[in-house]
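# Residue-level structural notes
The chain contents come next:
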Amino acid sequence: MNLTQQEEILKRMDALIKRNATSDPKSFCKKLGISLRTLHRYIQYLKDLGAPIDYSRQRTTYFYFLAGNLNFTQWVEESPKGDSDIKIKKNHKVEVN
């Protein structure tokens, strides 16, 4: 899976979490087309970025316990010589209001 695909999954996860529409973890995986293990890795990745994610067994959904936004910023750095080698870097930033 490339970075663009991973970013799209993270964006879908964010949208579903904001709507409290993830359901249980197995259903959430099916909605995203990923394995349960991958879901747990992505949830941990978002938590490591500072995303305030929790899971409610009562409501059967993941949710953000603080208001905020998950922002993805991308930039392209060209080599100093101006040749065709281009490096793409991703920076994932979580902003909590």
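The structure displayed is predicted, hence computed values, not measured ones.

## Here we look at the nonpolar core
For soluble globular proteins, the rule of thumb is that nonpolar side chains tend to be buried together. Judged by nonpolar contacts, the single largest core of 18 residues is most densely connected at Met13, Phe28, Leu39 and Ile53. Breaking this core down by element, the ones donating at least two residues are helix H1 (3–18), helix H2 (25–32), helix H3 (36–48) and strand S2 (61–64). With 5 residues, the top contributor of residues to this core is H1. The contacts of Leu39, once residues within four sequence positions are left out, are Met13, Pro25, Phe28, Cys29, Leu32, Ile34 and Tyr62.

## As for the packing of aromatic side chains
Under the defined criterion, the tally for this structure stands at 2 aromatic pairs. On the basis of an interplanar angle of 40° and a centroid distance of 5.7 Å, the ring pair of Phe28 and Tyr62 is categorised as tilted. Note that Phe28 is positioned in helix H2 and Tyr62 in strand S2, a separation of 34 residues in sequence. For Phe28, a relative accessible area of 0% translates into the label buried. According to the relative accessible area criterion, Tyr62 is buried, its value standing at 6%. Over the ring of Phe63 we find Arg59; its NZ or CZ atom is 4.6 Å from the centre of that ring.

How each quantity is defined
Residues numbered from 1 in each chain as written. Predicted model: local features only at pLDDT ≥ 70, side-chain atom pairs only at ≥ 80, totals over all residues. Heavy atoms only, no water. Core = buried A, V, L, I, M, F, W, Y, C linked by side-chain atoms within 4.5 Å. Buried < 20%, exposed > 50% of the residue type's maximum accessible area, 1.4 Å probe, protein only. Helix = DSSP H or I, 4+ residues; strand = E, 2+ residues; numbered from the N terminus. Contact = heavy atoms within 4.5 Å. Phe/Tyr/Trp six-rings, centres within 6.5 Å; stacked < 30°, edge-to-face > 60°. Lys NZ or Arg CZ within 6 Å of the ring centre and 35° of its normal.

All quantities given are derived from atomic positions and should not be read as evidence of function.
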